[in-house]
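Structural overview for review
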Amino acid sequence: MDGFDVGRLTDFDFELVCRDLFEDLLEVRIEIFAQGRDGGVDLRHIGPLNDSQIIIQCKHWFNSSRAKLVQHMKSKEALKIRRLKPQRYILATSVSLTVGAKHELAEALKPYLVECDIYGLDEIVALLKARPEIVKRHIRLWLASTSILQSLLASDVLTRSRDLIESLPETLLKFSPNPSLDRARQILEEHKACMIVGNPGIGKSTLARVLCSNYVAAGYQLYEISADIDEANKVWSDSAPQVFYYDDFLGQTTLEGKLPKNEDRRLVSLLRRVNKLTNKRVIMTTREYILEQARRTYEQLAREDFDPMQCVLDLSDYKERVRAGILYNHVYFSNVSSAVKASFATPAAYRPIIEHRSFNPRTIEDTLRNISRETYFSPQDAPIMLLNNLNDPDRVWGPIYYDQLDAPARDLMEALFLLRREVRYLDLFGAWASLRATRESDASQRTFQQAVRLLRGTMIITIGQQYPTTFQNPSVADFMRHHLSNNPAKVLEIIESATHFEQLEKLWELASKHPDRLLLSTLQSNCDKFAQSLTWTLFLPEQQVPADRYRCDLTHRVSVCLQIANELELRGLAEYVADVIGDGDFIEAAASLADAVEVISQCRASQFSELQRLAPPLATETVEAIMLDLTEWRRTDLAVELLERLGDLAPPEALEEAAGARHTIAQSVIREFLESGMGATPAEGPDVFYEVLDYAHSHEESVSTQLDEVHESLMLTEMLSEQELSGQLSPEYIEVDEVSIGDMFALLAEQITE
């Protein structure tokens, strides 16, 4: 550790660090002690026979001046010290002290304080540098280390988004170590991938980012994935230690539409590949019900056993001490006034919060952020407001949405909600303007820009080129879902004003897949208008595509319409879709043969005879398209899968031919790799090669008997071994159970007096 920012510690953190530091320095056991507000005692050691007494006063005044600390010690602490009459008195402070300041303090507090027992910031930092084991024990010290933060910002650590880097320090400040951290680290070390699963706002992203920081500290390069797994493949380096972070990889509030083509296969392939390597890690987050939706939707995900790599985060991980730490850290590092912070200091204020059955870190953060923006606010009401928001999370965003936003801004929120994440500025404007026109309201560019400015930083964020826009965090999207669920008239207006098929698709996903069924009943009661909008937008360009580059994944859209027609029993929509499918070039124009097979399966299972009749001829045409090219691995492997899905609609000889071609390609890939020599890089790229290798392991005797040589050659391309990484990750975190929660929160009250 070359340096660290002591200023990132809370008052309570500073006392814990000093306790561990002086226990090591003095070789005695030291207890944290509170008497009244502090009574002049923060840390204390009493000898076994009461024959010695050491009192240590900790003053974490990092942002205060040297003169202010000296004056405080002379005017307030001196009387306490003379009353206590300790045999030895030590002063530890985060203020940097000069020789003159130490001399002045010793003169003012003699005979109890001598200059050699005064430890300023420079002395404490020097002592900690010599004791890395103590530094690693305190997460806000070692994860805020200068070397770690510099490595995050170093030019050779490339990330997709600088926002991730800039958010890590703030995340680490508010994190409270809990059992899930060691559980997730163990999963990562064993399986090289960890899928953090939990309910909204429970702390999945926080845990993931702490893990990312942990690996960056050990020398890993950090990459954020936001679109698809192919982003990981583009930056993949066999020799470099890399950690890939994929937050909400299946969507924020529900399974967000169709995954990109072959995304389920690529995800499984990446996880299998990483599992075999020592210098790669993958960290993902999702909600439990979204993961279940994905496994029901995608056969590849359903077949894969994700249980060993899952770290389920729930309230059982947040024991009373952990909850107290989460609340304390959020309050301490928030932008609220000292008076508001002090309002949380009493048991009557913090106890109901940390014991609440719906305790939620995100609700705490959102509430404190909103309080910090209030101009006229009574400090003593802060704990009450937080408690009310825990009782009803909608209270966090409801007052802002209904009372502080004007109609154009509220309409923009509704338009944004049903568009995909990171919406292009022009797409958002088009959806907003159409919705405003439906409501017979002003839809000018100027009004739109005013609405964006009003929402930016509070409810939405705009990033990057062409102003991609998204919600500030998932809790805002959760609020919008509840808002629309309870406002059927607004949902109907959105249906009528839709400018993109994706809006209607997302509305259907929310209605059909989310645990509550309020939206579904709204769609059912307005099914004719819903079907009319679906047919009108079916051929419109996709969202996020420039106007001069028309693109429309018609096969996928037809699949969505078939699902809706079958589930809502919409014969008119079914007949319209049957006409579209009956067009002679439907399969030929399909962007994805996998989607074409899905359409065939839906037609065959439909209750409408018009659709059932289409299944056999479509299957014949699809089989012909599948068999056109069986010369490369990915296409051939997919061909086998699709033919198996078609079942008796596909000729047995076609499946036999595709399976044989796949087997031959696997033999060729393995043979060419071995002929390239030890340490060679696979010509097909790592993603494809490891898929072939997985297949080879299940057909080892017939594909190759030299798989051990393959693995030995691959190991030569890994420049970083597991041994080189061992010991660099932080040790297990130590929870300070013996320190009372009351003593910790009492420090908040001191902020208003010092």
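Details of the structure are given in the entry above.
Residues numbered from 1 in each chain as written. Predicted model: local features only at pLDDT ≥ 70, side-chain atom pairs only at ≥ 80, totals over all residues. Heavy atoms only, no water.

**Re the packing of aromatic side chains**
Within the structure shown, the criterion is met by 17 aromatic pairs. Here the aromatic residues Phe12, Tyr328, Tyr332 and Phe333 are joined through ring pairs into a cluster of three or more. Positioned over the ring face of Trp236 is Lys280, at 5.0 Å from the centre of the ring. Directly above the aromatic system of Tyr332 lies the positively charged group of Lys341, at a separation of 5.8 Å from the ring centroid. (Phe/Tyr/Trp six-rings, centres within 6.5 Å; stacked < 30°, edge-to-face > 60°. Lys NZ or Arg CZ within 6 Å of the ring centre and 35° of its normal.)

**Some details on the pattern of salt bridges**
Tallied over the entire structure, the rule returns 33 salt bridges. Between Arg44 and Glu31 there is a salt bridge, and its shortest N-O distance comes to 2.8 Å. Linking Arg44 in strand β2 (residues 43-46) with Glu31 in strand β1 (residues 31-32), this pair joins segments that are 13 residues apart in sequence. The partner of Lys80 in a salt bridge is Glu77, with the nearest N and O atoms 3.5 Å apart. Here Glu77 and Lys80 lie together in helix α2 (residues 66-84), a separation of three residues that amounts to about one turn. The exposure class assigned to Lys80 is partly exposed, which follows from its relative accessible area of 23%. Among the charged side chains, a salt-bridge network with shared partners connects Asp411, Glu414, Arg436, Arg439, Lys490 and Glu493. (Salt bridge = Lys/Arg side-chain N within 4 Å of Asp/Glu carboxyl O. Helix = DSSP H or I, 4+ residues; strand = E, 2+ residues; numbered from the N terminus. Buried < 20%, exposed > 50% of the residue type's maximum accessible area, 1.4 Å probe, protein only.)

**Re the sheet that holds strand β4 (residues 88-93)**
Within the open sheet, the five strands sit side by side as β1-β2-β3-β4-β5. Their pairing is mixed. This sheet does not close on itself; its edge strands, each paired only once, are β1 and β5 (118-119). As paired elements, β2 and strand β3 (residues 53-59) share four bridges and run antiparallel to each other. Looking at β3, one finds that His45 is bridged to Ile54. (Pairing = 2+ DSSP bridges.)

**Some remarks on the pairing of strand β8 (residues 242-246)**
For β8, a buried count of five out of five residues is recorded, marking the element as mostly surrounded by other parts of the structure. Of the two faces of β8, the one holding Gln242, Phe244 and Tyr246 and the one holding Val243 and Tyr245 are both buried throughout. Pairing between strand β7 (residues 221-225) and β8: five bridges, direction parallel. In the sheet register, Tyr223 faces β8, and the bridge partner there is Phe244. Sheet topology note: the β8/strand β9 (residues 280-286) ladder contains five bridges and is parallel. Counted as the bridge partner of Val243 is Arg281 from β9.

**Structural notes on unusual backbone geometry**
With an omega of 5 degrees, the peptide bond between Lys110 and Pro111 qualifies as cis. Phi at Glu27 takes a positive value of approximately 60 degrees, unusual for a residue other than glycine. Positioned with a positive phi, Asp248 is a non-glycine residue whose angle comes to about 50 degrees. Here Asp248 lies in the loop between β8 and α12 (263-275).

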